[in-house]
Amino acid sequence: MNKLNVESIHVSQDCGSCPIKHRAVCARCQPDELEQLEGIKYYRSFEAGQTVIWSGDRMDFVGSVVSGIASLTQTMEDGRTQMVGLLLPSDFVGRPGRMTAAYDVVATTDLVMCCFRKKPFEQMMEDTPHLAQRLLEMTLDELDAAREWMLVLGRKTAREKIASLLSIIARRDASLNLQGVQDLLVFDLPLTREAMADYLGLTLETVSRQMSALKRDGVIKLEGKRHVTIPDFSRLLNEAGDDADGGVMV
């Protein structure tokens, strides 16, 4: 039985105003190709906490996160779960050629996805080489990010983990807004402290303590719990244990 969340809501979105159009899988498509994609796409909206797809279920769609964040979670035989990744805006969900989902995909925040019917999308990949090339590039970026995240979880201190996560979100937000990281970066943190703790393998108290420490030391500015300002991105990278010239996931 396919457990795709039947309570998700279909929504409408104009491609011309799509906030991820310059980063999405369709970023290099020509007008006629976008028109072809238009015929096989639909949008779905999920509330925070809703399951988009369960591991092992048949997937009849692929797509991109338009807004919000989703988590990739794996469940062990004894019921224990581990969050193994985050899907940020413009990240791709599903694998052409794979019939079932490899992980549970859960909306961490309110989520909007641009979905494509899988079979027609796979056919279009065969007919449109630059679409397949763009997806390959995105997949390789995802692989790099997964390898970097192994370092974050396995070797970094709690402070470095928090700084690393903030730098990932800040860089993605800057990219979506066509903004350079050398500028003053301001964004709303999409994750609760609890979600950050779960993803980073830390306690809630540790996350709160380290966020307060980064604020006290001037690395970040906070308004409330979610509104974040980063005055100097290179300093945040130093706190994350990364070089200012690279080493940060996109």
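Heads up: the structure comes first, above all this text.
Now for a look at the structure at hand. (Residues numbered from 1 in each chain as written. Predicted model: local features only at pLDDT ≥ 70, side-chain atom pairs only at ≥ 80, totals over all residues. Heavy atoms only, no water.)

Quick look at the nonpolar core now. By size, the foremost hydrophobic cluster in this structure holds 36 residues, and its most contacted members are Ile162, Leu165, Met211 and Ile220. Taken together, the elements giving at least two residues each to this core come down to strand S6 (81-87), helix H3 (129-155), helix H4 (158-176), strand S10 (185-188), helix H5 (193-200), helix H6 (204-216), strand S12 (227-230) and helix H7 (233-240). Residue contributions to this core peak at eight residues, all from H4. Excluding its chain neighbours within four sequence positions, the residues that come into contact with Met211 are Ile162, Leu166, Leu189, Arg193, Met196, Ile220 and Leu222. Phe92, Val112, Phe116 and Leu176 belong to the second-largest nonpolar core, a separate cluster that totals 22 residues. (Core = buried A, V, L, I, M, F, W, Y, C linked by side-chain atoms within 4.5 Å. Buried < 20%, exposed > 50% of the residue type's maximum accessible area, 1.4 Å probe, protein only. Helix = DSSP H or I, 4+ residues; strand = E, 2+ residues; numbered from the N terminus. Contact = heavy atoms within 4.5 Å.)

Counting buried residues along strand S4 (residues 61-67), six of its seven residues qualify, which places the element largely inside the surrounding structure. Here six bridges tie S4 to strand S9 (residues 111-117), and the two strands are oriented antiparallel to one another. Within the sheet, the bridge partner assigned to Val65 lies in S9 and is Met113. Pairing geometry for S4 and strand S7 (residues 92-93), over two bridges, is antiparallel. Opposite Ser64, over in S7, you have Phe92 as the bridge partner. (Pairing = 2+ DSSP bridges.)

Below, the discussion takes up a nonpolar patch on the surface. Together, Leu136, Leu140 and Leu143 make up a nonpolar patch on the protein surface, roughly 250 Å² of accessible area in all. Relative accessible area serves as the criterion here: at 38%, Leu143 is assigned to the partly exposed category. (Patch = residues over 30% accessible without salt bridge, like charges linked within 9 Å, V, L, I, M, F, W, Y side chains within 5 Å. Areas by Shrake-Rupley, 256 points an atom, 1.4 Å probe, with all protein chains shown as cover. Salt bridge = Lys/Arg side-chain N within 4 Å of Asp/Glu carboxyl O.)

This part is about the sheet that holds strand S11 (residues 221-223). Backbone hydrogen bonds are what pair the strands of a sheet, in a parallel or an antiparallel way. The strand order S10-S12-S11 describes an open sheet built from three strands, whose pairing is antiparallel. Each edge of the sheet is formed by a strand with only one pairing partner; in this case those strands are S10 and S11. Each adjacent strand pair in this sheet contributes to an overall mean axis angle of 20°, direction not counted. Sheet analysis places S11 next to S12, joined by three bridges and oriented antiparallel. When the sheet's bridge partners are listed, Glu223 is paired in S12 with His227. Lying over the sheet, H4 contacts S10 and S12, oriented at roughly 100° with respect to S10. (Axes fitted to C-alpha atoms, helices over the stretch in contact; angles between N-to-C directions.)

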